[in-house]
Amino acid sequence: MKTPIVRSYVRSKVPRLRWNSDLHNSFVQAVEQLGGEHRATPKMVLQLMDVRGLTISHVKSHLQVLKFVYI
C-alpha cells in the first residue's frame, strides 16, 4: 500500500488585504474606466487606484474574483 503524498501549504509572502467597500468601489471604478473586466489589466488598475500598500498581486486576485462573480 502506497503512502499518499501530501503537498505542504505554502503561505504567500504578500500580506493579506481586507477589501472594504471604499477600496472595492475604487477598484470597480478603475475597472470600468478601463473598459470593463475583460479589458482592464492588473497593472493599469493598480496605477489608476493609486493606493499605498496595494500590490499587483492584490489586484490580480481581486480581478479574478470579480470575473468569477460576473460569469
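Residues numbered from 1 in each chain as written. Predicted model: local features only at pLDDT ≥ 70, side-chain atom pairs only at ≥ 80, totals over all residues. Heavy atoms only, no water.

The protein chain is annotated in an unreviewed UniProt entry as Myb-like domain-containing protein of Brassica campestris. As recorded by UniProt, the Subcellular location (unreviewed entry) comment attached to the protein chain reads in full: "Nucleus". (UniProt positions renumbered as here; feature names shortened; annotations may be inferred.)

Okay, the overall build of the protein chain next. Within the protein chain one finds three helices and zero strands. Helices (α) and strands (β) of the protein chain occur, in sequence order from the N terminus, as α-α-α. Computed over its C-alpha atoms, the radius of gyration of the protein chain comes to 16 Å, more than 25% above the 11 Å expected for a compact globule of 71 residues. With the C-alpha coordinates of the protein chain rotated into their principal frame, the extents come out at 55 × 30 × 20 Å. Considering the protein chain as a whole, with its 71 residues, one finds that 21% of them fall into the buried category. Contacts in the protein chain between residues at least 24 apart in sequence constitute 46% of all its contacts with a sequence separation of at least 6. For the protein chain, the computed accessible surface area is about 6400 Å², with 53% contributed by carbon and sulfur atoms. (Helix = DSSP H or I, 4+ residues; strand = E, 2+ residues; numbered from the N terminus. Rg over C-alpha atoms; globule rule 2.2 N^0.38 Å. Buried < 20%, exposed > 50% of the residue type's maximum accessible area, 1.4 Å probe, protein only. Contact = heavy atoms within 4.5 Å. Areas by Shrake-Rupley, 256 points an atom, 1.4 Å probe, with all protein chains shown as cover.)

Attention now goes to the packing of helix H1 (residues 21-33) against helix H2 (residues 42-49). Where H1 meets H2, the axes come as close as 9 Å, and the angle between the chain directions of the two elements is 120°. Between H1 and H2, the crossing angle belongs to the class labelled oblique. As for the relative orientation of H1 and H2, their crossing is right-handed in sense. Of the residues in H2, those touching H1 at Leu 23, Ser 26, Phe 27, Ala 30, Val 31 and Gln 33 are Val 45, Leu 48 and Met 49. Across the contact of H1 with H2, the residue classes break down as seven nonpolar, two polar and no charged. (Axes fitted to C-alpha atoms, helices over the stretch in contact; angles between N-to-C directions. Parallel < 35°, antiparallel > 145°, perpendicular 65-115°, else oblique. Left-handed = near helix turned anticlockwise from the far one by under 90°. Nonpolar A, V, L, I, M, F, W, Y, C, P; charged D, E, K, R; others polar.)

All told, the structure shown has one aromatic pair when counted by the stated rule. Judged by centre distance (5.5 Å) and plane angle (75°), the ring pair of Trp 19 and Phe 27 falls under edge-to-face. A residue is classified by how much of its surface remains accessible, and Phe 27, at 0% relative accessible area, is buried. (Phe/Tyr/Trp six-rings, centres within 6.5 Å; stacked < 30°, edge-to-face > 60°.)

With 13 residues, H1 extends 18 Å between its outermost C-alpha atoms, agreeing within 8% with the 18 Å of an ideal straight helix rising 1.5 Å per residue. Along H1, the residues classified as buried are Leu 23, Phe 27, Ala 30 and Val 31. Down the axis of H1, the buried set is contained in an arc of 100°. They therefore lie on one face. Opposite the buried face of H1, at more than 90 degrees from it, the exposed residues are Ser 21, Asp 22, Gln 29, Glu 32 and Gln 33. The backbone nitrogen of Asp 22 lies 3.2 Å from a side-chain oxygen of the residue at the head of H1, namely Asn 20. (Expected span 1.5 Å × (residues − 1). Arc of directions from axis to C-beta. Polar contact = N/O pair within 3.5 Å; in protein donor to acceptor, adjacent residues only side chain to side chain.)

This brings us to unusual backbone geometry. A positive phi angle, near 50°, is found at Asp 50, a position not held by glycine. Along the chain, Asp 50 falls in the loop between H2 and helix H3 (56-69). Given a relative accessible area of 65%, Asp 50 falls into the exposed group.

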